[in-house]
Amino acid sequence: MQTNLETLSETPDSFLWGVATSGYQSEGGYNAPGQPQNNWSLSEARGKVMPTKDASAFWTRYEEDFQRCQQMGLNSFRLGLEWARIQPSTSTTPTSAPPFDYEALDAYADRLASCRQHGLEPVVTLHHFTHPAWLGIDAWLSEETIDCFTDYVQVSVAHINRRLTEHYHLPPVHWYITINEPNMLVTSAYLSGQFPAKTRGFGAVLKAYDHLLAAHVQAYNCIHDLYEAEGWATPQVSLNTYCSDLYWSEKVLWDLLDLRTQQVKPDQLDDYIYEKAKGFVAKVMEAQLPFRRDIPYRLGRLVGHTVNWLGHRLFKVQSLDVYLQTLAASTRPNVTDFVAIDYYDPFIAHILRIPAFSDFEFDIEDLRVWLMNGVTSKWWDWRSLPEGLHFFCKYYAEEFDRPILIAENGMALRRKPDNSIASRRPDQLRRSEFLEAHIEQVKRLLQESVPVIGYMHWSLTDNYEWGSYTPRFGLFSIDFEQGTDRLVTDHLGDRPSETYARLVQSARRVRSATHSRNSE
């Protein structure tokens, strides 16, 4: 597959070093009376989750955030467009599609222009877990949402890029992620209940996957068609997944997106996917990753075997009829231009922890739910295994013959927004140590000439983490009791933004040396 990414990957300064953010989690300005309402609005209003309020106030503090990134030596910034702001409704009642807000689209274009003016290449996410409330809670169980999403993409991408090119005389956006972590969205909404949903069960999971994958294909073609019609340089478009060693939770999606490239016939689908699942499990075993094989790990392995067995029996590819029809109708040879993964703790064996019942965010009345919350890992329990980042990047690059973008990578500390608890992680890891270990693996990938095209750290600042402000992922800390000022030093005395800046400079030297060696 010859793309301009191959040229890009050969340029030592072109590697995307950046941070990742999302609109709803960082902008502020959603779900209060008179504000745009999204699918989390009722959960906020009913006290099931913390209200977002100002979040980290990125909407008003974007200039200083871009300046911080520039000072750190970064050259990229992943940010999201919020559908609920662009096609807004102030009601939580499902309705027909309201008009687009072109002032909001101009505002997003202004922020993207500022991003570019600070030397940062934007990576634009079009859907990051949220949708407008007017679509209803279970929007992705309706086939009509696919066309609604495509209309939103068409209008937004066209308007924003025309403003960038005509008003600011800047190039159009080059990098797009259509849908963020569809695997996490689907399982969190329709299996675990962590995200708002009225429907539960594996039937809902398959239907949502069917519609999300079809929406991605339509958005992919929509963006490419628009750029061709306007005479703009070819964009790079994909989605990103939450990295998992459970085949039916992640890699199956990439194999489904690759069916056209592999020329898989309809009557071969089930056998093809089954063989891919077996091959993936074998590769993970061959990797011999250095797990800490304690009791929770061994019990988690049993959970993994059970879930894999269920996935094989319940994940019926032929039930994805809308996606398969959309893919068959697509006139392009591919529906992804790169593979983007979010690497946190992808191992199902880490799903359990030593029972603890003191770190729940909300009161739980149901005994079964209370027990399950006590034994399942929380954000700050996620184990750090940087060697896994190297494995997944190298394996996916070989499997799909596409460049790899590390679209997210980060770790959580625990600090309540009122500062009543500000603790260490169970493994005592600090963010600077996490960064050093994972960027060492990025340098290793670059030295091995694996086509990794970028690393986005999650996140620039502490933000709203899907119902709570307690998990802290920021290179810059925020004391939410005092406002949204960005703090260089976190509650452990660590200064991770400075560490990241130093590591990026070191990695650039490695990349330059590798480029020089490969050019000889």
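Note that residues are indexed from 1 along each chain, following the sequence as it is written. For this predicted model, a pLDDT threshold of at least 70 governs which residues receive local features, and a threshold of 80 or more governs which side-chain atom pairs are given and counted, while totals over whole chains, interfaces and linings are taken from all residues. Where side-chain values are given, they derive from all heavy atoms of the structure, hydrogens and water being excluded.

### Focus on the overall build of the protein chain
- Only runs of H or I of at least four residues qualify as helices and only runs of E of at least two qualify as strands under DSSP, and these elements are numbered from the N terminus. Scanning the protein chain for helices and strands turns up 18 helices and 11 strands.
- The globule rule used here is 2.2 Å times the number of residues to the 0.38 power, and the radius of gyration it is set against is calculated over C-alpha atoms. Taking 520 residues into account, the globule formula puts the C-alpha radius of gyration at 24 Å, and the protein chain, at 22 Å, falls close to it.
- C-alpha atoms of the protein chain, sized along the principal axes, occupy 60 × 60 × 55 Å.
- When burial is assessed residue by residue, the protein chain has 61% of its 520 residues classed as buried.
- The contact criterion used is simple: two residues touch if any of their non-hydrogen atoms lie within 4.5 Å. Considering only intrachain contacts with a sequence separation of at least 6, the fraction spanning at least 24 residues in the protein chain is 79%.
- Computed over 50 positive and 66 negative side-chain charges, the separation of the two mean positions in the protein chain equals 5 Å. Each residue's exposure class comes from its accessible area (1.4 Å probe, protein chains only) as a fraction of the maximum for that residue type: buried when under 20%, exposed when over 50%, partly exposed otherwise. None of His or the chain ends enter the tally, which takes Lys and Arg as positive and Asp and Glu as negative. Here the site of a charge means atom NZ of a Lys, CZ of an Arg, CG of an Asp or CD of a Glu.

### A closer look at the packing of helix α4 (residues 58–72) against helix α6 (residues 102–117)
- Lines fitted to C-alpha atoms define the axes, with helix axes restricted to the stretch in contact, and inter-axis angles between N-to-C directions lie between 0 and 180 degrees. The geometry of α4 relative to α6 is characterised by a closest axis approach of 9 Å and an angle of 15° between their N-to-C directions. The angle between the axes of α4 and α6 places the two elements in the roughly parallel class. Viewed along their axes, α4 and α6 form a crossing whose handedness is right-handed. Contacts between α4 and α6 involve Trp 59, Tyr 62, Glu 63, Phe 66 and Gln 70 from the first element and Ala 107, Tyr 108, Arg 111, Ser 114, Cys 115 and Gln 117 from the second.
- Any residue that is not Ala, Val, Leu, Ile, Met, Phe, Trp, Tyr, Cys, Pro, Asp, Glu, Lys or Arg is counted as polar, Gly included; the first ten are nonpolar and the last four charged. For the contact of α4 with α6, the class distribution of residues is 6 nonpolar, 3 polar and 2 charged. Each angle is binned into one of four classes, with values under 35 degrees roughly parallel, values over 145 roughly antiparallel, values of 65 to 115 roughly perpendicular, and all other values oblique. Handedness of a crossing follows from how the near helix is turned relative to the far one, being left-handed for an anticlockwise turn of less than a right angle and right-handed for a clockwise one.

### Examining the sheet that holds strand β1 (residues 16–20)
- The pairing criterion is simple: DSSP has to find at least two bridges between the two strands. Overall, parallel pairing links the 8 strands, which are arranged β1-β2-β3-β4-β5-β6-β7-β10 in a closed barrel. Mean inter-strand twist for the sheet, computed between neighbouring axes without regard to direction, equals 25°.
- Both strand β6 (residues 339–343) and strand β7 (residues 404–409) contribute to a ladder of 5 bridges, which runs parallel. Opposite Tyr 343, over in β7, you have Asn 409 as the bridge partner.
- Contacting β4 (175–180) and β5 (236–242), helix α9 (residues 202–230) crosses the sheet at an angle of about 160° to β4.

### Things to note about the environment of Asp 106
- Along the chain, the position of Asp 106 falls in helix α6.
- A sequence separation of 224 residues divides Asp 106 from Ser 330, and the C-alpha atoms of the two residues are 31 Å apart.
- Look past the residues within four positions of Asp 106 in its chain and what remains in contact with it is His 159 and Arg 163.

### Description of the pairing of strand β2 (residues 76–80)
- Of all 5 residues that make up β2, 5 are buried, and the element is covered over most of its length.
- Across the two faces of β2 the burial is the same, with Ser 76, Arg 78 and Gly 80 and Phe 77 and Leu 79 all buried.
- The pairing of β2 with strand β3 (residues 121–125) spans 5 bridges and is classified as parallel. Bridge pairing in β3 links Phe 77 to Pro 122.

### Some words on the pairing of β3
- Within β3, 4 of the 5 residues are buried, which leaves it mostly tucked inside the rest of the structure.
- Bridge analysis of β3 against β4 gives 3 bridges, and the strand direction is parallel. The partner of Thr 125 across the bridge, within β4, is Ile 177.
- Chirality of the crossover, the property in question, places the unit of β3, helix α7 (residues 144–167) and β4 among those that are right-handed. Note on handedness: a crossover is taken as right-handed if, strands pointing away from the viewer, the path from the first strand over the helix to the second is clockwise.

### Quick word on the packing of aromatic side chains
- Two aromatic rings from Phe, Tyr or Trp, using only the six-membered ring of Trp, form a pair when their centres are within 6.5 Å; if the ring planes differ by under 30 degrees the pair is stacked, by over 60 it is edge-to-face, and anything between is tilted. Under the criterion given, the structure shown has 49 aromatic pairs.
- For the ring pair Tyr 242 and Trp 382, a centre distance of 6.4 Å and an interplane angle of 65° mean the geometry is edge-to-face. One end of the pair, Tyr 242, is in strand β5; the other, Trp 382, is in the loop between α15 (367–375) and α16 (386–400), with 140 residues separating them in the sequence.
- Here the aromatic rings of Phe 392 and Tyr 396 are separated by 5.9 Å at their centres, their planes lie at 75°, and the arrangement is edge-to-face.

### Comments concerning α16
- Counted at 1.5 Å a residue, the expected span for α16 with its 15 residues is 21 Å, and the 22 Å between its end C-alpha atoms agrees.
- Looking at α16, one finds that the buried residues are Pro 386, Gly 388, Leu 389, His 390, Phe 391, Phe 392, Cys 393, Tyr 395, Tyr 396, Ala 397 and Phe 400.
- Elements in contact with the buried residues of α16: α10 (251–257), α12 (269–286), β6, β7, α17 (431–447) and β10 (452–458).
- Just past α16, the residue Asp 401 takes up positive phi, approximately 50°. Take the number of residues in a helix, subtract one, and multiply by 1.5 Å to get its expected span.

### Some details on α6
- Under the 1.5 Å per step criterion, the end-to-end length of α6 is 22 Å for 16 residues, consistent within 8% with the ideal 22 Å.
- Within α6, burial applies to Ala 104, Leu 105, Ala 107, Tyr 108, Ala 109, Arg 111, Leu 112, Ala 113, Ser 114, Cys 115 and Arg 116.
- Next to the buried residues of α6 lie α4, β2, α5 (83–86), β3 and α7.
- The term polar contact refers here to a pair of N or O atoms within 3.5 Å; inside protein, the definition further demands a hydrogen-donor-capable atom paired with an acceptor-capable atom, and it admits residues adjacent in sequence only when both atoms are side-chain atoms. Capping of α6 at its N-terminal end is provided by Asp 101; its side-chain oxygen lies 3.0 Å from the backbone amide nitrogen of Glu 103.
- Within two residues after α6, Gly 119 carries a phi angle of roughly 75°, on the positive side.

Limitation: the analysis is restricted to geometry and does not speak to function.
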